[in-house]
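# Structural characterization, general
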Amino acid sequence: RPSVDFIRNLEPTTLEKTGILTYYVSIALQIFIDTLLAMFPIFLSFLFFQFFLFKMNVWQFIKIFRGFVYAFLGLFIFLLGVNGGFMEVGTLIGNVLATDYHLILILLLAFILGITTIFAEPAVHVLTHQIEDVTSGYVSRRLVLYTLAFGVGIAISLSALRIFLEPLQIWHYLIPGYIIALTLSYIVPNIFVGIAFDAGGVATGPMTATFILAFIQGAAHATDGADIILDGFGMIAMVALMPIITLQLLGLLYKIKSRKTEV
């Protein structure tokens, strides 16, 4: 089957000959070095300010150092999962669906994957909690989260549709989309404009940029006439756009509701 050949193209010998544990060990050293290089400049900056400006006591220094250790371990485990699982599984799913299944099912699964990915995005939960705190509960965290997830689901579905409809280009989405987004920014309350544009950046986080990007590229790989690079990174542009529109529409609903209740 095409899916079996695709797995062998991803890892033709490592997994088959050495097994999953040895495979993870083989990539763990490089990921450890990459994580160390990512964290070291931040830690070095902290040491500089500690000796010349902060001058915290030993216990405060130990607490912050412990936080660096937790951050290092978390980033290391996440990158290990991304490189060893997320990207390859996402590519495989996209490839198999595009090869063996109907377009409607692919679009539906793309929508579901977009929603579930946003629910798993750590930065999204931080943003929604901050929105609820800043607005003192007036803007519901759950409502923002569901609206954001719905927008990303639509973005992934539209990106998948563009792979299978060759005449459809990325600018057919982006130009009308940003016209709508900029028009809404003059209508909805300013706080929702800020929330919407912040959410557009948060939605394109590590989960989307690894699993969903690999899913779209896997689908493009199995589709005749599709460009893996253009179609894959066009998906990121769509994910950045759709939450801006959906959250500003939410702001418009809040504005209408406020007028009815005379708030």
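Residues numbered from 1 in each chain as written. Predicted model: local features only at pLDDT ≥ 70, side-chain atom pairs only at ≥ 80, totals over all residues. Heavy atoms only, no water.

### Side note on the packing of aromatic side chains
For any pair of aromatic rings, geometry is given as the distance between the ring centres together with the angle between the planes. Quick note on the threshold: Aromatic contacts are taken between Phe, Tyr and Trp rings whose centres are within 6.5 Å, Trp giving its six-membered ring; a plane angle under 30 degrees counts as stacked, one over 60 as edge-to-face, and the others as tilted. In this description a helix means any DSSP run of H or I spanning at least four residues, a strand means any run of E spanning at least two, and both kinds are numbered starting from the N terminus.
For the coordinates displayed, the defined rule picks out 14 aromatic pairs. Geometrically, the ring pair formed by Tyr-138 and Tyr-254 is edge-to-face, given 5.3 Å between the ring centres and 70 degrees between the ring planes. Residue Tyr-138 is found in the loop between helix H6 (122–134) and helix H7 (141–164), and its partner Tyr-254 is found in helix H11 (residues 228–261); the two are separated by 116 residues along the sequence.

### A short note on unusual backbone geometry
Put simply, the rule is: For every residue, the accessible area (1.4 Å probe, protein chains only) is compared with the maximum for its type, and the residue is labelled buried under 20%, exposed over 50%, or partly exposed between those bounds.
Backbone geometry at Lys-55 places phi at a positive 55 degrees, although glycine is not the residue there. With respect to the helices and strands, Lys-55 occurs in the loop between helix H3 (20–54) and helix H4 (58–100). One non-glycine residue, Ser-136, adopts positive backbone phi at about 55 degrees. One can find Ser-136 in the loop between H6 and H7. Overall, the relative accessible area of 68% leaves Ser-136 in the exposed class.

### Some thoughts on the packing of H6 against H7
Here is the rule we go by: Fitted lines through C-alpha atoms serve as axes, helices being fitted only where they are in contact, and the angles separating the N-to-C directions of these axes extend from 0 to 180 degrees. Note on angle classes: values under 35 degrees are labelled roughly parallel, values over 145 roughly antiparallel, values of 65 to 115 roughly perpendicular, and the remainder oblique. Each helix crossing is assigned a hand: it is left-handed if the near helix lies turned anticlockwise from the far helix by less than a right angle, otherwise right-handed if that turn is clockwise. Whether two residues touch is decided by their heavy atoms; if any such pair falls within 4.5 Å, the residues are in contact. Think of it as three bins: nonpolar holds Ala, Val, Leu, Ile, Met, Phe, Trp, Tyr, Cys and Pro, charged holds Asp, Glu, Lys and Arg, and polar takes everything else, Gly as well.
Remark: H6 packs on H7, axes separated minimally by 8 Å, with the N-to-C direction vectors making an angle of 140 degrees. By the angle between their axes, H6 is oblique relative to H7. The two elements H6 and H7 cross, and the hand of that crossing is right-handed. Touching Val-124, His-125, Thr-128, His-129, Ile-131 and Glu-132 of H6 are Arg-141, Val-144, Leu-145 and Leu-148, all from H7. Tallied by class, residues from the contact of H6 with H7 come to five nonpolar, three polar and two charged.

### Topic: a nonpolar patch on the surface
Rules: Excluding any residue in a salt bridge, patches collect residues exceeding 30% relative accessible area, merging like charges within 9 Å and nonpolar Val, Leu, Ile, Met, Phe, Trp and Tyr side chains within 5 Å. Computed with a 1.4 Å probe, the accessible areas rest on the Shrake-Rupley method; for each residue, only the protein chains presented here act as cover. Take a side-chain nitrogen of Lys or Arg and a carboxyl oxygen of Asp or Glu: if they are within 4 Å of each other, that pair is a salt bridge.
A cluster of nonpolar residues, Phe-48, Phe-49, Phe-51, Phe-52, Leu-53 and Phe-54, forms a patch on the protein surface that exposes about 720 Å² of accessible area. One can find Phe-51 in helix H3.

### A look at helix H10 (residues 206–221)
How we decide: To estimate the expected span of a helix, subtract one from its residue number and multiply by 1.5 Å. We define the bend at any residue as the angle between the axes fitted to the seven residues before and including it, ending there, and the seven starting there.
Here H10 spans 22 Å end to end across 16 residues, near enough to the 22 Å set by a 1.5 Å rise per residue. The sharpest bend along H10 comes to roughly 25 degrees, located at Leu-213. Here H10 lies mainly inside the structure; 12 of its 16 residues are buried. Considered for burial, the residues of H10 that qualify are Met-207, Thr-208, Thr-210, Phe-211, Ile-212, Leu-213, Ala-214, Phe-215, Ile-216, Gly-218, Ala-219 and Ala-220.

All we've got here are geometric facts, nothing functional implied.
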